[in-house]
Amino acid sequence: MTDFDPADADLSLLSLFAGWGLADELQRRLAADGFDDSRFADGVVFQHVIERPHAIGVLAERLGVTQQAASKSVTDLERRGYLLRRPDPGDARARLVDLTDRGRGVVTAARRHRAAIEGEVIAALGAERVEAARLLLADVLTHLGADAPLRIRRAKPPR
């Protein structure tokens, strides 16, 4: 087997691997904060309830999955203490999915750690290089039309 030199990789692979590296470091830090059961994919659900709670049907639609799949994800996040279902004050038959204090805590911790990691990368590689890389990646997203879902908090992993 031959060695792989990341410097020889194309932009797609380098972006992917850099993202994985950043995500792994974030997850390591979250685990150290007591969120050892958090997963990177949890954020796909959190993005939809961060600003306000939603019914399972609305959450499923926003996630682009069936109500059964959304309910399964919510049940898992409830079990881990990140989400809860509570009665909808406007509809006694409906229940809303919302973040718990632990859920808000992991979101706050993730934001803090992402900022710290970025600061460390800036210190190591220089502010100009990091800003140029950030702008390049934002331009790539726009060029591919992949920025629109992000603007409305509907990020999805690739198919």
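For the structure, check the block above.
What counts, and where the lines are drawn
Residues numbered from 1 in each chain as written. Predicted model: local features only at pLDDT ≥ 70, side-chain atom pairs only at ≥ 80, totals over all residues. Heavy atoms only, no water. Helix = DSSP H or I, 4+ residues; strand = E, 2+ residues; numbered from the N terminus. Buried < 20%, exposed > 50% of the residue type's maximum accessible area, 1.4 Å probe, protein only. Areas by Shrake-Rupley, 256 points an atom, 1.4 Å probe, with all protein chains shown as cover. Lys, Arg positive; Asp, Glu negative; His and termini not counted. Charge placed at Lys NZ, Arg CZ, Asp CG, Glu CD. Salt bridge = Lys/Arg side-chain N within 4 Å of Asp/Glu carboxyl O. Pairing = 2+ DSSP bridges. Contact = heavy atoms within 4.5 Å. Axes fitted to C-alpha atoms, helices over the stretch in contact; angles between N-to-C directions. Patch = residues over 30% accessible without salt bridge, like charges linked within 9 Å, V, L, I, M, F, W, Y side chains within 5 Å. Phe/Tyr/Trp six-rings, centres within 6.5 Å; stacked < 30°, edge-to-face > 60°.

**Considering the overall build of the protein chain**
Moving on, step 1. Each helix and strand counted, the protein chain has seven helices and three strands in total.
Moving on, step 2. In terms of overall dimensions, the protein chain has a C-alpha envelope of 60 × 35 × 35 Å along the principal axes.
Moving on, step 3. Counting over 159 residues, the protein chain shows a buried share of 27%.
Moving on, step 4. Surface summary for the protein chain: the accessible area is close to 10,800 Å², and the carbon and sulfur share equals 58%.
Moving on, step 5. Taking the 24 positively charged and 24 negatively charged side chains of the protein chain as two groups, their mean positions are separated by 8 Å.

**Here we look at the pattern of salt bridges**
Moving on, step 1. Applying the stated criterion to the full structure yields 16 salt bridges.
Moving on, step 2. Across the pair R80 and D76 runs a salt bridge, and its minimum N-O distance is 2.8 Å.

**Things to note about the sheet that holds strand β2 (residues 83-88)**
Paired through backbone hydrogen bonds, the strands of a sheet run either parallel or antiparallel to each other.
Moving on, step 1. If you walk across this open sheet you meet the three strands as β1-β3-β2, and the pairing is antiparallel. Each edge of the open sheet carries a strand with a single partner, namely β1 (54-55) and β2.
Moving on, step 2. As paired strands, β2 and strand β3 (residues 91-99) are joined by six bridges and run antiparallel to one another. By the bridge assignment, R85 is partnered in β3 with V97.
Moving on, step 3. Sitting on the sheet, helix α4 (residues 67-79) is in contact with β2 and β3, with an inclination near 115 degrees to β2.

**Focus: a nonpolar patch on the surface**
Moving on, step 1. On the surface, F4, L13, L16, F17 and W20 cluster together to form a nonpolar patch covering roughly 490 Å² of accessible area.
Moving on, step 2. Locating W20 in the fold gives a position in helix α1 (residues 11-32).

**Some words on the packing of aromatic side chains**
Moving on, step 1. Under the counting rule described, the total for this entry stands at four aromatic pairs.
Moving on, step 2. Geometrically, the ring pair formed by F17 and W20 is tilted, given 5.5 Å between the ring centres and 50 degrees between the ring planes. One end of the pair, F17, and the other, W20, are both in helix α1, three residues apart, so they sit about a helical turn from each other.
Moving on, step 3. You can call F17 partly exposed: its relative accessible area is 33%.
Moving on, step 4. A centroid spacing of 6.4 Å and a plane angle of 40 degrees characterise the contact between F35 and Y82, whose relative ring orientation is tilted. With a gap of 47 residues between them, F35 in the loop between α1 and α2 (42-49) and Y82 in the loop between α4 and β2 connect regions that are remote in the sequence.
Moving on, step 5. On the basis of relative accessibility, which here comes to 11%, the residue F35 falls in the buried class.
Moving on, step 6. Among the residues examined, Y82 registers a relative accessible area of 0% and is labelled buried.

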